[in-house]
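Read off the chains here:
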Amino acid sequence: MSQSDQLDLEVVAVMVPTYHIIVVSLYHSPSGNFDSFCDLFERLLLSLNRHSNNYSFVIAGDFNVNFICDDQKSRYVIELLKSFGLYITCNEPTRGPSCLDNVAVSFQQDVCETKVIDLHGDDHSALVSNFSMSGSSMVSAATPTWHANYVFSSRRVHETALIHFKNDLARTSWDAVFQNPGDSGLLGNFFKFFQEKFDKFFPEILKTYSSRRPQKRQGRMKSHQEWYNDDLAAIKEVMLALKNRCEGGDDGDRRRYRRAKSIYKKQVELARKVATAAKIDNAPNRCKAAWDVINSHRSLPVRKLEFASPDAFNDFFIESVNSIVGELPTAAADPAELLAARVPAVHARLSFFRPITSLALRKIVKSFKPSKSPDVYGMSAFMLREVIEEIVDPLAVAVNDCLRTAIFPDFLKTSRTTPVYKKGDHQSLNSYRPISITPIFGKVVEAVIKPQLEDFFERNNLFSDMQFGFRRGRSTFDAVNRVAERIGSAFEDGESLH
């Protein structure tokens, strides 16, 4: 580290395995460069996040940033800390009227309390932080006790095995598979055979539990070639040449190198901004493209859900639903009567579903996003899209039998549920929401039935005219426009709306 870098940021870190925390002490000199400090500090946080093995952080020191002054520097440092799940614990002056020293922690706020102690004769006050070791956010270094009651496994769908899997399916005699259908019909026979083949080529691999936190790569644009040009390459060449001269050069060479380095960084940032703006402007959905760019550059810490077992999450989610249902007030009117008053009587009946052709079924499967998120059987939309050509005809036969017999097999009613963090304390069940991944073959049947149900409801006017969500040709804009028209009409007629 050069002398200038030491002025920008000095760091020492200590790992405390007993309490599963990493304590970092830092110093940023008032003579240092703030932009360089932020760059080095972010790299430090990224490195700690990648190699911390799920440790919590305590980062203390002299930032030489006034945290109680709402300026650009303090906002930047606070937001940088927040992006890594850290918050500052001191909001009192530590040197004169300024709060230049602070302690940032990754625990929930009731775990840490920081006090300012006046050291008479010293220009800086001392900071004393007290930690509540009984707090739920203080992660224990010991391996969670619940993991011994579970079997952990993984399944890799790799390209070589996928080719052999497709060839094996192509050679299958499906007439033999469909003989003697059971209670689940032909779809049950199809799925049982397909699952046996799938498990053969992509077996589950049992693995031991590891408390190591999965690493998350820092998001960047897919390729620097999208924005890197000849001008940047020329500036970089000059900068590197000046850097080589610095090794045996004088102060003038070092100043020229630092200036060239600053110019190069600014031009790189400008080129990336121009490329990003062009990417968003040329996208069919500019809002989605903007959020994709934002999310690709977020460097949030990845946390493993070690504080509660899968059954604890499952019981919590079920109880939450039961609690919500139990708190619903009794309806003042019969919903069936309200529906009958708003929807005209229809004598038509949906007595059967139209069979699906192989061509239409192939189109449905190809319309699925190629997600590799596995369902409870380890199968994914990506895998099904890869093998649909080999199974589309027998799958169409099985799905049509499901429609004809009105039997939706029980094995397609079991979903894989993943807790997804929303907000709040990372160690609280209340901070997570369940996301269910239903079996991929169940999604196929649903995709076949859905347009037929929608068509029946639309043709027979079974949808309320005031329903705008989840209907083709309608949107939230139509709903807002309808409300605006009603308000305008009431205003002209002197009506009162409630």
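Look up: the structure comes first, before these words.
Residues numbered from 1 in each chain as written. Predicted model: local features only at pLDDT ≥ 70, side-chain atom pairs only at ≥ 80, totals over all residues. Heavy atoms only, no water.

Student: How would you summarise the packing of aromatic side chains if you had to cite specific residues and measurements?
Tutor: One pass over the structure, following the stated rule, counts 24 aromatic pairs. Seen from their ring centres, Phe 191 and Phe 441 are 6.0 Å apart, and the 85 degrees between their planes marks the pair as edge-to-face. Within this pair, whereas Phe 191 is found in helix α6 (residues 185-201), its partner Phe 441 is found in helix α14 (residues 440-459), the two being separated by 250 residues in sequence. Assessed through its relative accessible area of 4%, Phe 191 is described here as buried. Geometrically, the ring pair formed by Phe 194 and Phe 441 is edge-to-face, given 5.1 Å between the ring centres and 80 degrees between the ring planes. Of the two residues, Phe 194 sits in helix α6 while Phe 441 sits in helix α14, which places them 247 residues apart along the sequence. What makes Phe 194 buried here is its relative accessible area of 0%. A cation sits over an aromatic face here: Lys 372 above Phe 382, 4.7 Å from the ring centre. (Phe/Tyr/Trp six-rings, centres within 6.5 Å; stacked < 30°, edge-to-face > 60°. Helix = DSSP H or I, 4+ residues; strand = E, 2+ residues; numbered from the N terminus. Buried < 20%, exposed > 50% of the residue type's maximum accessible area, 1.4 Å probe, protein only. Lys NZ or Arg CZ within 6 Å of the ring centre and 35° of its normal.)

Student: Would you mind going over unusual backbone geometry in detail, with residue names and values included?
Tutor: Unusually for a residue other than glycine, Asn 64 sits at a positive phi of about 55 degrees. Among the secondary structure elements, Asn 64 is positioned in the loop between β3 (56-62) and α3 (72-83). A positive phi is found at Phe 470, a non-glycine position, where the angle reads about 60 degrees. Counting through the fold element by element, Phe 470 comes out in the loop between α14 and α15 (476-493).

Student: Now, about the pattern of salt bridges: what can you tell me, with residues and values included?
Tutor: Pairing is possible between side chains that carry opposite charge, provided their charged atoms lie close to one another. For the structure on display, the rule yields 15 salt bridges. In this structure, Arg 171 engages Asp 168 in a salt bridge whose closest nitrogen and oxygen atoms are separated by 3.9 Å. According to the relative accessible area criterion, Arg 171 is exposed, its value standing at 63%. Across the salt bridge formed by Arg 404 and Asp 401, the nearest N and O atoms sit 2.6 Å from each other. (Salt bridge = Lys/Arg side-chain N within 4 Å of Asp/Glu carboxyl O.)

Student: Would you mind going over the sheet that holds strand β2 (residues 21-27) in detail, with residue names and values included?
Tutor: Pairing is mixed in the open sheet, where five strands are placed in the order β1-β2-β3-β5-β4. Looking at strand neighbours, the two that pair on one side only are β1 (10-16) and β4 (87-88), the edges of this open sheet. As paired strands, β4 and strand β5 (residues 101-105) are joined by two bridges and run antiparallel to one another. Residue pairing for β5: Tyr 87 is matched across the bridge by Val 105. (Pairing = 2+ DSSP bridges.)

Student: If you had to explain helix α4 (residues 159-170) to someone new, which residues and values would you point to?
Tutor: With 12 residues, α4 ought to run about 16 Å at 1.5 Å a step, and its terminal C-alpha atoms sit 17 Å apart, in line with that. Every buried residue belonging to α4 is among Ala 161, Leu 162, Phe 165, Asp 168 and Leu 169, and all of these are buried. Around the axis of α4, the buried residues are gathered within 125 degrees of arc, so they sit on the same side. Of the residues in α4, the exposed ones pointing more than 90 degrees away from the buried face are Glu 159, Thr 160 and Ala 170. Check the buried side of α4 and you find it contacts α5 (174-177), α6 and α13 (381-405). (Expected span 1.5 Å × (residues − 1). Arc of directions from axis to C-beta. Contact = heavy atoms within 4.5 Å.)

Student: I'd love a proper account of the nonpolar core, names of residues and values included.
Tutor: Counting 44 residues, the largest nonpolar core has Phe 165, Phe 190, Phe 194, Ile 391 and Phe 441 as the members making the most contacts within it. Of all the elements in the fold, those that place two or more residues in this core are α4, α5, α6, α12 (358-367), α13 and α14. The dominant element in this core, judged by the number of residues it contributes, is α13, at 13 residues. Setting aside its immediate chain neighbours within four residues, Phe 194 contacts Phe 165, Leu 169, Met 379, Met 383, Val 387, Ile 391 and Phe 441. (Core = buried A, V, L, I, M, F, W, Y, C linked by side-chain atoms within 4.5 Å.)

Student: Outline the side chain of His 28, listing residues and values.
Tutor: With respect to the helices, strands and loops of the structure, His 28 is situated in the loop between β2 and α2 (34-51). The exposure class assigned to His 28 is buried, which follows from its relative accessible area of 4%. Among the polar contacts listed, one links the side chain of His 28 to the backbone oxygen of Asp 8, at a separation of 2.8 Å. Each residue touching His 28, except ones within four places of it in the same chain, is listed here: Leu 7, Asp 8, Asn 33, Phe 34, Phe 37, Asp 62, Phe 63 and Asn 64. (Polar contact = N/O pair within 3.5 Å; in protein donor to acceptor, adjacent residues only side chain to side chain.)

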